[in-house]
Amino acid sequence: MTETAVATAGQTPVGNQADFWFDPLCPFAWVTSRWIGEVEKVRGISVTWHVMSLSVLNEGRDGLSEKYKSLLGKGWGPVRVVIAAQQLHGDEVVKPLYDAIGSQIHHNGIDDYDEAIRLGLAEAGLPAELAEYAHKDTFDAELRASHENGISRVGQEVGTPVVAFNGTAFFGPVITRIPRGEDAGRLWDATVTLAGFPYFFEIKRSRTESPQFG
């Protein structure tokens, strides 16, 4: 357990570094990422953003519905474009482009991912030509490496998001609504406390609602 993850009675748990792996098409990752944005305001954390891919994660898996297979086929586009932008324009464009494409998908309800990419690139101030990489495997090696960097920390049986708190990674937290202000901070404190215990692995209950982005 790192010093920054220690929590004692009457003290606020402290954690100042997070790594976040996302797939732009995942609504649960979107809600969790918006929570992290709220935490940045009240806990002063530093976040590094990384791409992972549900399309990569589910390659070759049996038992997937045709609807989900179709979604995964489309899902290559957004992650390929974010990786291409990172490779060609630097790490600093990852989060703004995720925000821009994710807003088109989750807030504006655009399910044509080529269109979401086009609008997202324009909003993020990035070259429109990056959209071409949605249908190219030019940077698939880099995409797979980024994905593996995240998923190898938690195992293949989970999904997105993957979040590492001061180096200890978990799938989730999976939330359906975005805590604001000090509520966001308290959830962060609790999560860092759990992440700081080396023998904690899982806490779970059945979801009763879909993600809500308001």
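Residues numbered from 1 in each chain as written. Predicted model: local features only at pLDDT ≥ 70, side-chain atom pairs only at ≥ 80, totals over all residues. Heavy atoms only, no water.

Peer 1: Looking at this model, I keep getting lost on the overall build of the protein chain. Mind explaining?
Peer 2: Check the secondary structure of the protein chain and you find seven helices and four strands. The N-to-C order of helical and strand elements in the protein chain reads β-α-β-α-α-α-α-α-β-β-α. A compact globule built from 214 residues should have a C-alpha radius of gyration of about 17 Å, and the protein chain, at 17 Å, falls within 12% of that. For the C-alpha atoms alone, the extent of the protein chain along its principal axes is close to 55 × 40 × 30 Å. (Helix = DSSP H or I, 4+ residues; strand = E, 2+ residues; numbered from the N terminus. Rg over C-alpha atoms; globule rule 2.2 N^0.38 Å.)

Peer 1: It is not clear to me how the pairing of strand β3 (residues 162-165) should be interpreted in this structure. Could you clarify?
Peer 2: Across a regular strand the side chains alternate sides, sitting on one face of the sheet and then on the other. With burial as the criterion, each face of β3 is covered, one bearing Val162 and Ala164 and the other bearing Val163 and Phe165. Between β3 and the antiparallel strand that follows it, strand β4 (residues 168-171), lie two residues; Asn166 among them carries a positive phi value of about 50 degrees. (Buried < 20%, exposed > 50% of the residue type's maximum accessible area, 1.4 Å probe, protein only. Pairing = 2+ DSSP bridges.)

Peer 1: What is the right way to look at unusual backbone geometry in this model?
Peer 2: Across residues other than glycine, the phi torsion is negative in most instances, and most of the peptide bonds are trans. Residue Pro161 is bonded to the preceding Thr160 through a cis peptide linkage, with omega at 10 degrees. Structurally, Pro161 can be placed in the loop between α6 (140-151) and β3. Here the residue pair Gly172 and Pro173 is connected by a cis peptide bond, since its omega of 5 degrees sits within 30 degrees of zero. Along the polypeptide, Pro173 turns up in the loop between β4 and α7 (181-195).

Peer 1: In this structure, what is going on with the environment of Arg180? I would like to understand it.
Peer 2: You can see Arg180 is positioned in the loop between β4 and α7. Judged by relative accessible area, which is 42%, Arg180 ranks as partly exposed. Remark: the alpha-carbon pair of Arg180 and Glu157, spanning 23 residues in sequence, is separated by 30 Å. Setting aside residues up to four positions removed in sequence, Arg180 forms contacts with Glu38, Phe213 and Gly214. (Contact = heavy atoms within 4.5 Å.)

Peer 1: In this structure, what is going on with the sheet that holds β3? I would like to understand it.
Peer 2: Sheet strands pair via backbone hydrogen bonds, and the direction of the pair is either parallel or antiparallel. Within the open sheet, the four strands sit side by side as β2-β1-β3-β4. Their pairing is mixed. In this open sheet, the two edge strands, each paired with only one partner strand, are β2 (46-51) and β4. Strand-to-strand, the axes of this sheet are offset by a mean angle of 20 degrees, without reference to chain direction. Bridging between strand β1 (residues 17-22) and β2 involves six bridges; their strand directions are parallel. Within β2, the position partnered with Gln17 by the bridge is Ser46. In the packing of α7 onto the sheet, contacts are made with β1, β3 and β4, and the angle to β3 comes to roughly 80 degrees. (Axes fitted to C-alpha atoms, helices over the stretch in contact; angles between N-to-C directions.)

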